[in-house]
Amino acid sequence: AQKITQTQPGMFVQEKEAVTLDCTYDTSDPSYGLFWYKQPSSGEMIFLIYQGSYDQQNATEGRYSLNFQKARKSANLVISASQLGDSAMYFCAMPGGGSNYKLTFGKGTLLTVNP
Amino acid sequence: NAGVMQNPRHLVRRRGQEARLRCSPMKGHSHVYWYRQLPEEGLKFMVYLQKENIIDESGMPKERFSAEFPKEGPSILRIQQVVRGDSAAYFCASSPATETQYFGPGTRLLVL
């Protein structure tokens, strides 16, 4: 079964600095994808970025990028030039359970951006 | 293009009552998923539906919980005879196929 581990319960970063949120995974599937979602205090889940295991380059979406290291089974999210609005819970997720739709989520990292 | 819509956003029920949670997927999306989030946890998969079909309900509790996605109208997650342990945030997601899932704002259920 897939397993997602986010080892940082909380992280702090100064505004305008970059921050890396860790995510490691365990899967026996030869092909898989990793997702990152943001959950602000208002509660909604916002899709940020996706990386497929066979993608040649690390995914990038605006200020978000994935530091994908397949051999280490890690898919860390990098947020550049942090903004106060980035303060939120961040979840790493991947499909599992023999499906390509049943997302398994990590426990999340609470990011706080300080002014 | 409206996103995934869920209502109500907050629902309070007394033990033993029924809870009905509604989800309207994004336009053009025919795949709907329901997840539950307990306090300070990640989301847990409950059920996957397409129009008029339950594809995978492996994450649904065996009793009291049911889901449907009729030909017309929103998807419904129904919880009968709610108990305090059902208090959670329930999220619906949709996708055009089995790819990136876009989530709604969630329904926070509180059972008194």
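Quick summary incoming for the structure in this document.

**Comments concerning the overall build of chain A**
Line of reasoning, step 1. Secondary structure assignment for chain A yields zero helices and twelve strands.
Line of reasoning, step 2. In sequence order, the secondary structure elements of chain A are arranged as β-β-β-β-β-β-β-β-β-β-β-β.
Line of reasoning, step 3. For 115 residues, the compact-globule estimate of 2.2 N^0.38 gives 13 Å, and the C-alpha radius of gyration of chain A, at 14 Å, lies within 12% of that figure.
Line of reasoning, step 4. If one aligns the C-alpha atoms of chain A with their principal axes, the spans along those axes are about 45 × 30 × 20 Å.
Line of reasoning, step 5. The buried share of chain A, taken over its 115 residues, is 48%.
Line of reasoning, step 6. When the accessible surface of chain A is totalled, it reaches about 5,500 Å², and 50% of it is carbon and sulfur.

**Structural notes on the overall build of chain B**
Line of reasoning, step 1. When you go through chain B residue by residue, the secondary structure sums to zero helices and eleven strands.
Line of reasoning, step 2. For chain B, the α and β elements follow one another from N to C terminus as β-β-β-β-β-β-β-β-β-β-β.
Line of reasoning, step 3. In terms of overall size, chain B behaves like a compact globule, its C-alpha atoms giving a radius of gyration of 13 Å where 112 residues would be expected to give roughly 13 Å.
Line of reasoning, step 4. Scored against the burial criterion, the 112 residues of chain B give a buried share of 46%.
Line of reasoning, step 5. Residue pairs in contact within chain B that sit at least 24 positions apart in sequence constitute 52% of those at least 6 positions apart.
Line of reasoning, step 6. If you sum the accessible surface of chain B, you get close to 5,700 Å²; carbon and sulfur atoms cover 47% of it.
Line of reasoning, step 7. Mean positive and mean negative side-chain charge positions of chain B (16 and 11 charges, respectively) differ by 8 Å.

**Quick look at the nonpolar core**
Line of reasoning, step 1. Counting residues in hydrophobic clusters, the biggest one holds 24 residues, and the most contacted among them are Leu34(A), Trp36(A), Leu77(A) and Tyr90(A).
Line of reasoning, step 2. Every element with two or more residues in this core is listed here: strand E3 (19–21), strand E5 (33–39), strand E6 (46–52), strand E8 (64–69), strand E9 (74–79), strand E10 (88–95) and strand E12 (109–114) of chain A.
Line of reasoning, step 3. The leading source of residues in this core is E10(A), at four residues.
Line of reasoning, step 4. Residues contacting Tyr90(A), with those up to four places away along its chain left out, are Gln6(A), Leu21(A), Trp36(A), Tyr37(A), Lys38(A), Leu48(A), Leu77(A), Ile79(A), Gly108(A), Thr109(A) and Leu111(A).
Line of reasoning, step 5. Ranked by size, the runner-up nonpolar core spans 23 residues in total, among them Leu11(B), Phe65(B), Phe69(B) and Leu77(B).

**Looking at the interface of chain A and chain B**
Line of reasoning, step 1. Residue-level contacts link 16 residues of chain A with 20 residues of chain B.
Line of reasoning, step 2. Buried area between chain A and chain B, summed over both chains or domains, comes out near 1,500 Å², and the portion from carbon and sulfur atoms is 55%.
Line of reasoning, step 3. Along the contact surface separating chain A from chain B lie two salt bridges.
Line of reasoning, step 4. Across the pair Asp56(B) and Lys102(A) runs a salt bridge whose closest N-O atoms are separated by 3.3 Å.
Line of reasoning, step 5. At the boundary of chain A with chain B, the tally comes to nine residue pairs in polar contact (both at pLDDT 80 or more).

**Notes on the environment of Ser82(A)**
All names here are of chain A.
Line of reasoning, step 1. In this structure, Ser82 sits in the loop between E9 and E10.
Line of reasoning, step 2. According to the relative accessible area criterion, Ser82 is buried, its value standing at 2%.
Line of reasoning, step 3. Setting aside chain neighbours within four positions, we find Ser82 in contact with Val13, Gln14, Glu15, Lys16, Glu17, Val19, Arg63 and Val113.
Line of reasoning, step 4. Among the polar contacts made by the side chain of Ser82, one reaches the main-chain carbonyl oxygen of Glu17 at a distance of 2.7 Å.

**Details of the side chain of His31(B)**
Line of reasoning, step 1. Tracing the sequence through the fold places His31(B) in strand E4 (residues 31–37).
Line of reasoning, step 2. In terms of polar contacts, His31(B) uses its side chain to reach the side chain of Tyr48(B), at 2.6 Å.

**Some words on the sheet that holds strand E8 (residues 75–79) of chain B**
Strand pairs in the sheet, formed through backbone hydrogen bonds, run parallel or antiparallel to each other.
All names here are of chain B.
Line of reasoning, step 1. One open sheet holds the four strands; their spatial order is E1-E3-E8-E7, and the pairing between them is antiparallel. Whereas interior strands pair on both sides, the edge strands pair on one side only; in this sheet they are strand E1 (5–7) and strand E7 (65–68). Pairs of neighbouring strands in the sheet enclose a mean axial angle of 15 degrees, with direction left out of account.
Line of reasoning, step 2. Relative to E8, strand E3 (residues 19–24) runs antiparallel, the two sharing five bridges. Bridge pairing links Arg22 to Ile76 in E8.

So, how was this worked out
Residues numbered from 1 in each chain as written. Chains lettered and ligands numbered in written order. Predicted model: local features only at pLDDT ≥ 70, side-chain atom pairs only at ≥ 80, totals over all residues. Heavy atoms only, no water. Helix = DSSP H or I, 4+ residues; strand = E, 2+ residues; numbered from the N terminus. Rg over C-alpha atoms; globule rule 2.2 N^0.38 Å. Buried < 20%, exposed > 50% of the residue type's maximum accessible area, 1.4 Å probe, protein only. Areas by Shrake-Rupley, 256 points an atom, 1.4 Å probe, with all protein chains shown as cover. Contact = heavy atoms within 4.5 Å. Lys, Arg positive; Asp, Glu negative; His and termini not counted. Charge placed at Lys NZ, Arg CZ, Asp CG, Glu CD. Core = buried A, V, L, I, M, F, W, Y, C linked by side-chain atoms within 4.5 Å. Buried area = accessible area lost by both parts, 1.4 Å probe. Salt bridge = Lys/Arg side-chain N within 4 Å of Asp/Glu carboxyl O. Polar contact = N/O pair within 3.5 Å; in protein donor to acceptor, adjacent residues only side chain to side chain. Pairing = 2+ DSSP bridges. Axes fitted to C-alpha atoms, helices over the stretch in contact; angles between N-to-C directions.

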